[in-house]
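Geometric and topological summary
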Amino acid sequence: MKLRLIAVGTRMPDWVETAFADYSRRLPPEYGFSLNEIAVTPRGKNADLARLKRDEGEKILKALPRDSRLITLDERGGQWSTEQLAERLRRWQQDGRDLALAIGGPDGHAPEVLSRAEESWGLSKLVLPHALVRVVVAEALYRAWSLNAGHPYHRA
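We now turn to the structure provided with this report. (Residues numbered from 1 in each chain as written. Predicted model: local features only at pLDDT ≥ 70, side-chain atom pairs only at ≥ 80, totals over all residues. Heavy atoms only, no water.)

1. Here we look at the packing of helix α3 (residues 82–95) against helix α5 (residues 130–149)
Across the interface, α3 lies against α5 with an axial gap of 8 Å and an inter-helix angle of 75°. Relative to α5, α3 is oriented roughly perpendicular. Counting all contacts with α3, which are made through T82, E83, L85, A86, L89 and R90, the residues of α5 involved are A140, L141, R143, A144, W145, L147 and N148. Among the residues forming the contact of α3 with α5, the class breakdown is 8 nonpolar, 2 polar and 3 charged. (Axes fitted to C-alpha atoms, helices over the stretch in contact; angles between N-to-C directions. Helix = DSSP H or I, 4+ residues; strand = E, 2+ residues; numbered from the N terminus. Parallel < 35°, antiparallel > 145°, perpendicular 65-115°, else oblique. Contact = heavy atoms within 4.5 Å. Nonpolar A, V, L, I, M, F, W, Y, C, P; charged D, E, K, R; others polar.)

2. Brief notes about the environment of A21
Along the polypeptide, A21 turns up in helix α1 (residues 14–26). Distance from A21 to H130, taken between C-alpha atoms, is 16 Å for residues 109 residues apart in sequence.

3. Quick notes on the side chain of S146
For S146, the position within the fold is in helix α5. What makes S146 buried here is its relative accessible area of 0%. (Buried < 20%, exposed > 50% of the residue type's maximum accessible area, 1.4 Å probe, protein only.)

4. Some remarks on the packing of aromatic side chains
Here the distance between the centres and the angle between the planes together describe a pair of aromatic rings. Counted by the stated rule, this structure contains 6 aromatic pairs. Relative to Y142, the ring of Y23 has its centre 6.4 Å away and its plane inclined at 40°; by these criteria the two rings are tilted. Remark: Y142 occurs in helix α5 and Y23 occurs in helix α1; sequence separation between them is 119 residues. Taking 5.2 Å as the distance between ring centres and 10° as the angle between the ring planes, the aromatic pair formed by W80 and W121 counts as stacked. (Phe/Tyr/Trp six-rings, centres within 6.5 Å; stacked < 30°, edge-to-face > 60°.)

5. Notes on the packing of α1 against α5
Where α1 meets α5, the closest approach of the two axes is 9 Å, and the angle between their N-to-C directions is 20°. By the criterion of interaxial angle, the relationship of α1 to α5 is roughly parallel. Seen from above, α1 lies across α5 with left-handed handedness. Here W15, V16, A19, F20, Y23 and R26 of α1 come into contact with α5, specifically with A131, L132, R134, V135, A138, E139, Y142 and W145. (Left-handed = near helix turned anticlockwise from the far one by under 90°.)

Laid out in C-alpha cells, this is it:
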C-alpha cells in the first residue's frame, strides 16, 4: 500500500516542510509516503466559491492514483483515537489498495470529492490551518504505524 497526501495549497512555511519531511521519512519505505500539492484557485472579490471548489475538486480527483481509497480531511469527519487510526491503517494495508488522503482548499471539498471518498477524517472540531493539517496527518500516521509495529514512539 502506498500513501499519498493530496493537498490544495503550495508554498508552505519552512517549519511545515521540515516537520512534514521528518515524519514522512520515519514511515517505512514500503508506504512510499508522498505529497502532491495542488495550487489554490485564485479568489477574487466576487468569486464564485462553488466553481472554485469544483475546480480544486477536479484537480484532487485527477491526482488520485487509479483504484485508490480516498479519505478526505474535513472538520465534520469522524474523529479517531490513535488506536482507532492504527486499526484502520491495518485494515487499509490488508485491503492492498493505495491510500490517498485529501486536504481541500480554503472553502473545503467539492461535493464530487466528498462523494468519491470512502471515509472522512476530522482531526479536530477546530478548523485547523491547512499547513498544520499536513504535519498532524504525517505525525498521526507515523504514530499509528509505530503502535502497529510495537515501536516505542507511542507510549500511551
